[in-house]
Amino acid sequence: MDTKILKDRYKREPVEVICPICKQTKIIYLPEEEIPQCPVCKVKMVIREVLVEGKY
Ligand SMILES: [Zn+2]
């Protein structure tokens, strides 16, 4: 049970980011990862969708 509490506290949130120029997408985990740059276009990618399971 303690393990479950710890998991919730440090829960990672997967989000899909997309390059606004070439539409390349990537899955990252917030808050431990920063929004990446597109390796091709060298622009900051934007959050496309928050992939939360069981969201009410
Ligand atoms: Zn791009």
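Remember, predicted model here, so these are calculated numbers, not experimental data.

Rules behind the numbers
- Residues numbered from 1 in each chain as written.
- Predicted model: local features only at pLDDT ≥ 70, side-chain atom pairs only at ≥ 80, totals over all residues.
- Helix = DSSP H or I, 4+ residues; strand = E, 2+ residues; numbered from the N terminus.
- Buried ≥ 20, exposed ≤ 12 C-beta atoms within 10 Å, placed from the backbone.
- Contact = placed C-beta atoms within 7 Å.
- Pairing = 2+ DSSP bridges.
- Axes fitted to C-alpha atoms, helices over the stretch in contact; angles between N-to-C directions.

Examining the overall build of the protein chain
Argument step 1. Across its full length, the protein chain holds one helix and three strands.
Argument step 2. In sequence order, the secondary structure elements of the protein chain are arranged as α-β-β-β.
Argument step 3. For the protein chain, the residues scored as buried account for 5% of the 56 residues in total.
Argument step 4. A sequence separation of at least 24 residues applies to 34% of the contacts in the protein chain between residues at least 6 apart.

Here's the deal with the sheet that holds strand β2 (residues 25-30)
Argument step 1. Spatially, β2-β1-β3 is the arrangement adopted by the three strands of the open sheet, whose pairing is antiparallel. Of all strands in the sheet, those with a lone pairing partner are β2 and β3 (46-50), marking the two edges. Looking at each pair of strands side by side, their axes are set apart by 40° on average, direction ignored.
Argument step 2. Examined bridge by bridge, strand β1 (residues 13-18) and β2 share six bridges and lie antiparallel to one another.

Quick look at the pairing of β2
Argument step 1. Burial of β2 is sparse: only zero of the six residues sit out of reach of the surface.
Argument step 2. Where β1 folds back onto β2 in an antiparallel hairpin, the turn is made up of six residues, including K23, whose phi is positive at roughly 65°.

Some words on the pairing of β1
Argument step 1. By the bridge criterion, four bridges tie β1 to β3 in an arrangement that is antiparallel. Each residue of the ladder has a partner; that of V17, found in β3, is I47.

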